[in-house]
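# Structure assessment
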Amino acid sequence: KPVAAATFDLSTSGALLEAGRELGRVGELLTLKTRINLGGLNEYLTIPAIIRNIRFDRNPETGRSNYYHGVEFRILEQHDSILLHGFIYEQLATH
């Protein structure tokens, strides 16, 4: 079942995902699906990833609980790899 997650610390080899629940266990494979804007074009990425670590945190002020998942990408499709590299380099150049 799809779960929404925020992406932080994105690189060509992995990312940190924040979600309201666990996305799996350490060592499990998950599939990230997202839309990116690259050069003014909307592109869709499907990226297999392995969960490398999970951290739980509860905000004492809001009571909101979050799970932080460190994932390592296992990109199989050259097209997805090129899109991800292009997106990251574009972000670095514009921020």
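Scanning the protein for helices and strands turns up one helix and five strands. The order of α-helices and β-strands along the protein, N terminus first, is β-β-β-β-β-α. Across its three principal directions, the C-alpha atoms of the protein cover 40 × 30 × 20 Å. Taking all 95 residues of the protein together, 28% fall into the buried category. Total accessible area on the protein is roughly 6600 Å²; 50% of this is exposed by carbon and sulfur atoms. Positive and negative side-chain charges of the protein, numbering 10 and 11 respectively, have mean locations separated by a distance of 8 Å.

Tracing the chain through its elements places Asn37 in strand 3 (residues 29-38). Once the C-alpha coordinates of Asn37 and Gly27 are considered, the two residues, ten residues apart in sequence, prove to be 30 Å apart. With near-sequence residues (within four places) excluded, Asn37 lies in contact with Asn42, Phe87 and Glu90. From its side chain, Asn37 meets the backbone nitrogen of Gly40 in a polar contact 3.2 Å long.

This part is about the confidence of the model for the protein. For residues with low pLDDT, the predicted coordinates do not support detailed interpretation. Per-residue pLDDT for the protein has a mean of 92; in total, 100% of the residues score no lower than 70. Mean pLDDT values for the elements of the protein range from 91 in helix 1 (residues 78-94) up to 96 in strand 2 (residues 14-19).

Conventions used here
- Residues numbered from 1 in each chain as written.
- Predicted model: local features only at pLDDT ≥ 70, side-chain atom pairs only at ≥ 80, totals over all residues.
- Heavy atoms only, no water.
- Helix = DSSP H or I, 4+ residues; strand = E, 2+ residues; numbered from the N terminus.
- Buried < 20%, exposed > 50% of the residue type's maximum accessible area, 1.4 Å probe, protein only.
- Areas by Shrake-Rupley, 256 points an atom, 1.4 Å probe, with all protein chains shown as cover.
- Lys, Arg positive; Asp, Glu negative; His and termini not counted.
- Charge placed at Lys NZ, Arg CZ, Asp CG, Glu CD.
- Contact = heavy atoms within 4.5 Å.
- Polar contact = N/O pair within 3.5 Å; in protein donor to acceptor, adjacent residues only side chain to side chain.
- pLDDT = per-residue confidence, 0-100.

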